[in-house]
Amino acid sequence: MAVNLRGRNFLTLMDFTSDEIDYLLTLAADLKAKKRAGIRGNTLAGKNIALIFEKSSTRTRCAFTVACNDEGAFPEYLNKNDIQLGAKEDAKDTARVLGRMFDGIEFRGFKQETVETLAKYSGVPVWNGLTDIDHPTQVLADFLTLRENFGKLRGLKLVYLGDGRNNMSNALMIGCAKMGIDYVVSSPKELEPDKNLLAKCREIAKHSTITIINDPKEAVKGADAIYTDVWVSMGEEALKEERYRLLGNWQVNTEIINATGKDTTIFLHCLPAVKGSEVTEEVFESERSKVFDEAENRMHTIKAVMVATLGA
């Protein structure tokens, strides 16, 4: 089936079919191979891209910037102090201004509502670099990494340990439901996923299961990949003591890795990591850890999203 994503926004994987997600992953793999072969593209030549960052970033900012440069676009970085978004000007007005000056807009910030408003009023493709409830570009990178290691997605078992209601767990749950990956969330009961999102993901998961297993050792049995994230998300620093108290038993360590019963299990993390908290140094630096492949793949998958939605 032919896939055409030109002009589409990329706000959540909930908006995309499994075929469309597969298309983006295949395109990303092709763009990655070309970059490694020294082949530069020009599909975004002459395009101006606004990169809005309410939240600081390493991987997202660098991935969008390099991806723009590789395909001939000009990226303009705009942090919360550079523009009036959320201060003197609401998102609706900012969208209509930027949409007349830029060909595409990336947003990384707090509210999902903000990126949706930018998409509704700007008239150009808008890409979600992260919000408090979703992180779709990260999941594309995660899935490309899984395909590189296992040659497939459907039928794999991905286990997430930690805060089950944060943006990373939400985005993974949506993506796994779409792509036929068995998804297990292991967290304290206080941090289980949102019940409405859980129900929706179970409804759309035609070829896989979405499961909550509180016991981390039970959860990881047979896992192909174990995923974790920081215990305290940006903007929740005041909750650090409570989160560390709740999540102490959900650390990814050698004992947890061994509990999978498989010697092919890989470790994933969206980064940055607080080593010694959600993951031990030993696991993070082990051969099972694919976190830097995953980080590199942010660039290739983000490039694929821009090329597919805006490219010539």
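What comes next is a walk through the structure. As the structure is a prediction and not an experimental result, all values here were calculated from the model.

1. Quick notes on the nonpolar core
Logical step 1: In this structure, Phe143, Leu146 and Tyr183 are the most contacted members of the largest nonpolar core, which totals 59 residues.
Logical step 2: Ignoring any residue separated from it by four or fewer positions in sequence, one finds phenylalanine 143 in contact with Leu25, Leu153, Gly175, Cys176, Met179 and Ile181.

2. Examining the environment of leucine 130
Logical step 1: Within the secondary structure, leucine 130 sits in strand E4 (residues 126-130).
Logical step 2: Judged by its relative accessible area of 6%, leucine 130 is buried.
Logical step 3: Between the C-alpha atom of leucine 130 and that of arginine 245, which follows or precedes it by 115 residues, the distance is 26 Å.
Logical step 4: For leucine 130, the residues in contact, after removing those within four places along its chain, are Lys55, Phe107, Arg108, Gly109, His135 and Asn167.

3. Notes on the sheet that holds strand E2 (residues 74-79)
Logical step 1: Pairing is parallel in the open sheet, where four strands are placed in the order E2-E1-E3-E4. Each edge of the open sheet is held by one strand with a lone partner, namely E2 and E4. Across the sheet, the mean angle from the axis of one strand to that of its neighbour is 20°, orientation sign disregarded.
Logical step 2: By the bridge criterion, six bridges tie strand E1 (residues 48-53) to E2 in an arrangement that is parallel. Counterpart to isoleucine 52 in the pairing with E2 is leucine 78.
Logical step 3: Contacting E1, E2, strand E3 (104-108) and E4, helix H2 (residues 59-70) crosses the sheet at an angle of about 175° to E1.

4. Notes on the environment of aspartate 82
Logical step 1: Position of aspartate 82 relative to the elements: it lies in the loop between E2 and helix H3 (91-101).
Logical step 2: Its relative accessible area of 47% is what places aspartate 82 among the partly exposed residues.
Logical step 3: C-alpha separation for the pair aspartate 82 and valine 291, spaced 209 residues apart in sequence, amounts to 32 Å.

5. Comments concerning helix H9 (residues 240-247)
Each turn of an α-helix holds 3.6 residues, which means side chains three or four residues apart point in the same direction.
Logical step 1: Buried within H9 are the following residues: Arg243, Leu246 and Leu247. Seen from one end, H9 has its buried residues packed into an arc of 85°, which puts them on one side. Facing away from the buried side of H9 by over 90 degrees, the exposed positions are Glu241 and Arg245.

6. Section: empty space enclosed by the protein
Logical step 1: Applying the stated criterion to the full structure yields one cavity of 30 Å³ or more.
Logical step 2: For the largest cavity, the calculated volume is near 30 Å³.
Logical step 3: Taken together, Ile52, Phe53, Glu54, Lys80, Ile83 and Leu85 make up the lining of the largest cavity.
Logical step 4: Grouping the amino acids of the lining of the largest cavity by side-chain chemistry returns four nonpolar, no polar and two charged.

7. Considerations on the pairing of E1
Logical step 1: Counting buried positions over the six residues of E1 gives five, a clear majority of the element.
Logical step 2: Handedness of the E1-H2-E2 crossover: right-handed.
Logical step 3: Pairing geometry for E1 and E3, over five bridges, is parallel. Its bridge partner lying in E3, isoleucine 52 is registered against phenylalanine 107.

8. Examining helix H4 (residues 112-122)
Logical step 1: Every buried residue belonging to H4 is among Gln112, Thr114, Val115, Thr117, Leu118, Ala119 and Ser122, and all of these are buried.
Logical step 2: Here the buried face of H4 lies against E1, H3, E3 and E4.
Logical step 3: Positive phi shows up at glycine 123, right after H4, with a value of about 80°.

Rules and cut-offs
Residues numbered from 1 in each chain as written. Predicted model: local features only at pLDDT ≥ 70, side-chain atom pairs only at ≥ 80, totals over all residues. Heavy atoms only, no water. Core = buried A, V, L, I, M, F, W, Y, C linked by side-chain atoms within 4.5 Å. Buried < 20%, exposed > 50% of the residue type's maximum accessible area, 1.4 Å probe, protein only. Contact = heavy atoms within 4.5 Å. Helix = DSSP H or I, 4+ residues; strand = E, 2+ residues; numbered from the N terminus. Pairing = 2+ DSSP bridges. Axes fitted to C-alpha atoms, helices over the stretch in contact; angles between N-to-C directions. Arc of directions from axis to C-beta. 1 Å grid on protein atoms, 1.4 Å probe; cavity = no way out; pocket = protein on both sides within 12 Å on 5 of 7 lines; lining within 4 Å. Points joined across faces, edges and corners; volume = space filled by probe spheres on them. Nonpolar A, V, L, I, M, F, W, Y, C, P; charged D, E, K, R; others polar. Right-handed = clockwise from strand over helix to strand, strands pointing away.

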